[in-house]
Amino acid sequence: MATIKIKQIGSPIRRPESQKKILIGLGLGKMHRVVERQDTPEVRGAIAKLPHMVKVVD
């Protein structure tokens, strides 16, 4: 299955608790951290909820 790399570009400070939990679920939490996840609809949905905090890296 295809994978995607996700980079955190925004801080979770002063964000709603639900957004912090989504970041933790993606394996992020600290600035500029990059993780590699399988490209599934669930992961794409989590990325879509946090367009201001994460971006997909090539």
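Refer to the structure above for everything that follows.
Criteria and cut-off values
Residues numbered from 1 in each chain as written. Predicted model: local features only at pLDDT ≥ 70, side-chain atom pairs only at ≥ 80, totals over all residues. Heavy atoms only, no water. Pairing = 2+ DSSP bridges. Helix = DSSP H or I, 4+ residues; strand = E, 2+ residues; numbered from the N terminus. Axes fitted to C-alpha atoms, helices over the stretch in contact; angles between N-to-C directions. Salt bridge = Lys/Arg side-chain N within 4 Å of Asp/Glu carboxyl O. Core = buried A, V, L, I, M, F, W, Y, C linked by side-chain atoms within 4.5 Å. Buried < 20%, exposed > 50% of the residue type's maximum accessible area, 1.4 Å probe, protein only.

A. Looking closely at the sheet that holds strand 3 (residues 54–57). Pairing within the open sheet is antiparallel, and its three strands lie in the order 2-1-3. The open sheet terminates on both sides in strands that have one partner only, identified here as strand 2 (34–38) and strand 3. When strand polarity is set aside, the average angle formed by the axes of neighbouring strands in this sheet is 35°. Strand direction decides the pairing type here: strand 1 (residues 3–8) and strand 2, joined by five bridges, are antiparallel. When the bridges of strand 2 are listed, Lys 7 appears paired with Val 34.

B. Fine view of the pattern of salt bridges. Scanning the entire structure with this criterion turns up one salt bridge. Close ionic contact of Asp 39 with Arg 44 constitutes a salt bridge, the shortest N to O distance being 2.8 Å.

C. Structural view of the nonpolar core. Of all hydrophobic cores here, the largest spans twelve residues; its members are Ile 4, Ile 6, Leu 23, Leu 26, Leu 28, Val 35, Val 43, Ala 46, Ile 47, Leu 50, Met 53 and Val 54. Among the elements that make up this core, the one with the highest residue count is helix 2 (residues 41–49) (three residues).

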